[in-house]
Amino acid sequence: MEEEKFTAYSRKLFSLGFGSLCLLLSLIFQSRAGFIRLAVHDHFSVAIVFILSVLNAWGLFRYVSAYSYREQSPLESVLDFLTYLLFSAGLFNVVMFPASGLGIAEMVILMIFMLGNFSMSHINTDRIKFAGMGPWSTAIFGLILWTVKLVTFYFFEDSIYSQIVSGNSIVRGIIFAFAIIGAFVLFRHVSKIGEAHVGIKTQKKKIYAKNVFIAIGKTVASAVKNFCTFVFSIFTGWVGIIVILIAGLLILGIGIFAFQSFFDAVMKPVEIILQKLMTTGEYSVNPSMAYTVCQISAMLIYIVFSFLLTASCSKSLDAKCGRLLENKVLNHDEFKSLNRVELKRIAEKKIRDERNEIKRIAIASDEDLMKDVVTEIADDIKEKD
């Protein structure tokens, strides 16, 4: 027993050391002067990474606890949590952009993701004590974010706005169109919320945007037609044509000027936001060869950690399932006349093959659910015999 406990502590300390290595590698970068530095100068980013790491570490702790077949000592639990915390911090340092516009956007996305997992991991019922995500869910999501970061660093400059948007009339036009559409959708959404909140139903005919534009078009066309008729009634021949051309050009010029003013009024605040948002923070950490190698190494360590943790949980579930079968379920009188070894083998395989992870954990942890599975297997064997 003491030997088993010593082995468990040794493994945990070994994992703790690799977690520390993962974190260290994720922080290393080479300055443009050639010095090796640690990316800890931005206290805001460090704080965000710490919060995300705590949330992910707690989710992993709950996940492993749901699979575990034995109670751990407080020291073992502390060592496990610290290990998960170090690995998580290493992951988030790798996948997240440095402090920048894209970095802030990514922080918001990750915070929503991790808070969602934190909430899920506390959905408890009488039989299910865990409903959060496994290690691979976070690892795969991290790989996606990391790929986006690498592509952005490789193909774009620090300011994506200056590289792509500034001076590009087509892109600015597309952004303008999206801004107008977004404002319209937001207005419609707010209007609906207001109507629902007030709770007043109007009996008036609904005025759709299409009908409004048609009515405006008809009004403008009628005004132009009346204007042309008036001009032709005063002037005839070339004089009338020249007057109409001058008036048309004047109206066109006023329209272009008005649209340009409206365009500038919309784009000014939008571009200020985009200039801040479309920055990668690449300048703060020089993406040199040393930086890339350390980031790849930290990511590989986290992937190996996820694989080993998942395998360990699967092994723990098999042990939990086997102990429950041997000590309680198979001791029922109705199963004593059957081949208990065969029953145990089939039951373990059936639970192991269960695709619903939550259901798999619940069955392996509950005597009544396990008995239902064994009874079903026993009935099948009796029918075949």
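It should be emphasised that the depicted structure is a prediction, and the values quoted were computed from it without experimental measurement. Once a new chain begins, its residue numbering starts again from 1 and follows that chain's sequence as written. In view of the model being predicted, local features appear only for residues whose pLDDT reaches at least 70, and side-chain atom pairs are presented and counted only at 80 or more, with totals across whole chains, interfaces and linings using the full set of residues. For side-chain calculations, the full set of non-hydrogen atoms in the structure is used, while hydrogens and water are omitted.

Salt bridge criterion: a side-chain nitrogen from Lys or Arg within 4 Å of a carboxyl oxygen from Asp or Glu. This structure, assessed with the given rule, holds 1 salt bridge. D80 is the salt-bridge partner of K12, the closest N and O atoms lying 3.0 Å from each other. Of this pair, K12 sits in helix α1 (residues 2-27) while D80 is found in helix α3 (residues 74-95), placing the two residues 68 residues apart along the sequence. For the residue pair K12 and D80, the accessibility class agrees, reading buried in each case. Helical segments are the DSSP runs of H or I of at least four residues, strand segments are the runs of E of at least two, and each set is numbered from the N terminus. Burial classification: accessible surface area is computed with a 1.4 Å probe over protein chains only, and a residue below 20% of its type maximum counts as buried, one above 50% as exposed, and the rest as partly exposed.

Our focus in this paragraph is the environment of Q295. Along the chain, the position of Q295 falls in helix α10 (residues 289-327). For Q295, a relative accessible area of 2% puts it in the buried group. Each C-alpha atom of the pair Q295 and N93 lies 8.6 Å from the other, and the pair is 202 residues apart in sequence. Pairs of residues are marked as contacts when any of their non-hydrogen atoms sit within 4.5 Å. Residue contacts for Q295: discarding those within four places in its chain leaves L25, S26, N93, V94, W146 and K149.

Here is the rule: rings of Phe, Tyr and Trp (six-membered ring for Trp) pair when centre to centre is within 6.5 Å. Planes less than 30 degrees apart are stacked, more than 60 are edge-to-face, and the remainder are tilted. Counted according to the given criterion, the structure contains 8 aromatic pairs. Between Y302 and F305 the ring centres are 5.6 Å apart and the planes differ by 55 degrees, which places this aromatic pair in the tilted class. Separated by 3 residues within a single helix, Y302 and F305 lie in helix α10, roughly one turn from each other. The class for Y302 is buried, based on a relative accessible area of 0%. The buried category is assigned to F305, whose relative accessible area is 9%. Chaining the aromatic ring pairs together yields one cluster made of Y84, F87, Y302 and F305.

A separate point is empty space enclosed by the protein. The definitions used throughout rest on a 1 Å grid laid over the protein atoms alone, on which a cavity is an enclosed set of points accommodating a 1.4 Å probe that cannot get out and a pocket is an open set flanked by protein within 12 Å on both sides along at least five of seven lines; lining residues are those having an atom within 4 Å of a point. Grid points are joined across faces, edges and corners, and a volume is the space filled by probe spheres set on the points. A complete count under the given rule lists 1 cavity of 30 Å³ or more for this structure. If you add up the space inside the largest cavity, you get close to 30 Å³. If you go around the largest cavity, the residues you meet are L91, F92, V95, L110, F113, T138, F141 and G142. Gly is put with the polar residues, along with every residue not named as nonpolar or charged; the nonpolar set is Ala, Val, Leu, Ile, Met, Phe, Trp, Tyr, Cys and Pro, and the charged set is Asp, Glu, Lys and Arg. For the lining of the largest cavity, the class distribution of residues is 6 nonpolar, 2 polar and no charged.

Moving on: the nonpolar core. Ranked by internal contacts, the top residues of the largest apolar core, which has 58 residues, are V95, M96, M370 and V374. The leading source of residues in this core is α10, at 12 residues. Only buried residues count toward a nonpolar core. Its members are Ala, Val, Leu, Ile, Met, Phe, Trp, Tyr and Cys residues joined through side-chain atoms within 4.5 Å. F29, F153, V285 and Y291 belong to the second-largest nonpolar core, a separate cluster that totals 5 residues.

Before going further, it helps to spend a moment on the confidence of the model for the chain. The score called pLDDT rates the predictor's confidence residue by residue, from a low of 0 to a high of 100. Summarising the model, the chain shows a mean pLDDT of 75, and 72% of its residues fall at 70 or more. Of all the helices and strands in the chain, helix α7 (residues 169-198) carries the lowest mean pLDDT, 64, while α3 carries the highest, 91.

Among the structural elements, I363 can be located in helix α13 (residues 357-365). When neighbours within four sequence positions are excluded, I363 is seen to be in contact with L324, I351, L369, M370 and V373.

To continue, consider the side chain of S26. Here S26 shows up in helix α1. Under the relative-accessibility criterion, S26 is labelled buried at 4%.

As a further point, take the packing of α10 against α13. Their axes nearest at 8 Å, the elements α10 and α13 cross at an angle of 35 degrees. Contact with α10, carried on its side by L317, K320, C321 and L324, involves R360, I361, I363, A364 and S365 of α13 and no other residues of that element. Among the residues making up the contact of α10 with α13, the classes are represented as 6 nonpolar, 1 polar and 2 charged. To get an axis, a line is fitted to the C-alpha atoms, and for a helix only the part in contact is used. The angle between two axes follows their N-to-C directions and goes from 0 to 180 degrees.

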